[in-house]
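Here's the letter readout for the chains.
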Protein chains: 2
Amino acid sequence: MKGRVTVSLRTGVLDVEGKAIGKALTSLGFGGDIDVRVGRVFEIELPESSPEVALSRLKDMAVKLLSNPIMESYRLELVGSAPGAALGTTGT
Amino acid sequence: MKGRVTVSLRTGVLDVEGKAIGKALTSLGFGGDIDVRVGRVFEIELPESSPEVALSRLKDMAVKLLSNPIMESYRLELVGSAPGAALGTTGT
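All values reported here derive from a predicted model rather than from experimental measurement.

Definitions and cut-offs
Residues numbered from 1 in each chain as written. Chains lettered and ligands numbered in written order. Predicted model: local features only at pLDDT ≥ 70, side-chain atom pairs only at ≥ 80, totals over all residues. Heavy atoms only, no water. Helix = DSSP H or I, 4+ residues; strand = E, 2+ residues; numbered from the N terminus. Buried < 20%, exposed > 50% of the residue type's maximum accessible area, 1.4 Å probe, protein only. Contact = heavy atoms within 4.5 Å. Areas by Shrake-Rupley, 256 points an atom, 1.4 Å probe, with all protein chains shown as cover. Least-squares fit on C-alpha atoms with pLDDT ≥ 70 in both. Polar contact = N/O pair within 3.5 Å; in protein donor to acceptor, adjacent residues only side chain to side chain. Salt bridge = Lys/Arg side-chain N within 4 Å of Asp/Glu carboxyl O. Buried area = accessible area lost by both parts, 1.4 Å probe. Pairing = 2+ DSSP bridges.

Draft legend 1. Structural context of the overall build of chain A. Summing up its helical and strand segments, chain A has 2 helices and 4 strands in all. In chain A, the order of α-helices and β-strands from amino to carboxyl end is β-α-β-α-β-β. Within chain A, the fraction of its 92 residues that count as buried is 42%. Across chain A, contacts joining residues at least 24 apart in sequence account for 62% of those joining residues at least 6 apart. Entry remark: accessible area of chain A is about 4,900 Å², with carbon and sulfur atoms responsible for 57%.

Draft legend 2. Inspection of the relation of the copies chain B and chain A at higher detail. Overlay of chain B on chain A (RMSD 0.0 Å): rotation 180 degrees, translation along the axis 0.0 Å. Here the copies are linked by what is in effect a two-fold axis. Among all residues of chain B, the minimum C-alpha distance to the rotation axis is found for Arg40 of chain B, at 2.2 Å.

Draft legend 3. Structural view of the environment of Arg57 of chain A. Mapped onto the secondary structure, Arg57 of chain A falls in helix α2 (residues 51–66). Looking at Arg57 of chain A, its side chain comes within polar contact range of the side chain of Glu48 of chain A, at 3.2 Å.

Draft legend 4. Main features of the pattern of salt bridges. Within this structure, the stated rule accounts for 15 salt bridges over all chains. For Glu43 of chain A, the salt bridge is made with Lys2 of chain A, and the minimal N-O distance between the two is 3.9 Å. Of the two residues, Glu43 of chain A sits in strand β2 (residues 36–45) while Lys2 of chain A sits in strand β1 (residues 2–9), which places them 41 residues apart along the sequence. Here Asp60 of chain A makes a salt bridge to Lys64 of chain A, at a shortest N to O gap of 3.8 Å. Of this pair, Asp60 of chain A and Lys64 of chain A both sit in helix α2, 4 residues apart, roughly one helical turn. You can call Asp60 of chain A partly exposed: its relative accessible area is 35%. Several salt bridges share partner residues, and in doing so they unite Lys2, Arg4, Glu43, Arg75 and Glu77 of chain A together with Lys2, Arg4, Glu43, Arg75 and Glu77 of chain B into one network.

Draft legend 5. Quick peek at the interface of chain B and chain A. Contact with chain B, which involves 29 residues of that partner, is made by 29 residues of chain A. Summing both sides of the interface, chain B and chain A together bury roughly 2,500 Å²; the carbon and sulfur share of this comes to 66%. Contact with chain A buries area across many residues of chain B, yet Phe30, Val41 and Leu65 of chain B alone supply 22% of it, more than any other trio. Linking chain B with chain A are 3 salt bridges. Across the salt bridge formed by Arg40 of chain A and Glu17 of chain B, the nearest N and O atoms sit 3.0 Å from each other. Taken together, the links from chain B to chain A amount to 10 residue pairs in polar contact (both at pLDDT 80 or more). Sorting elements by how many residues they give to the side of chain B that touches chain A places strand β2 (residues 36–45) of chain B first, with 10 residues. Pairing of β2 of chain A with β2 of chain B involves 9 bridges; the strand directions are antiparallel. Bridge pairing in β2 of chain B links Gly39 of chain A to Val41 of chain B.

As structure tokens, then:
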């Protein structure tokens, strides 16, 4: 089973890279004032066969290594399962 | 409407950062030989109201700025639409 952890800056934290990309898009002719937020995705091969166990393992990984809880939030997904069926989001 | 472009290294291209994260996860006790692939996500606010137009604009952005077509592939999504309804994937 494959899991996906998406880590992005919390709302309110200035995303400098996103701002730069927005400006680059504008200069390429995509219109003015484009809001872009940048994040990172980790696709992880998991040995678990149960979605619940896999999600809890994925959450552990996100908390202990992949995200900085002060500035970033993360979203967990299982790839290949029904879309949206096994989604876990953490905002706080 | 919000669009999401996920850019990741093509299969076969060595993902050094992913390997390092896999080793770090192993040393944290998550088991041995964990396969991790790292990518980047761009969440972009789009002025379009039609999903088709928004997706084609998103594809343009991915091709012209956000991805390196030699080493990377990209996935396009519209956020807030029905899950999986407006997915465009490019592998070549």
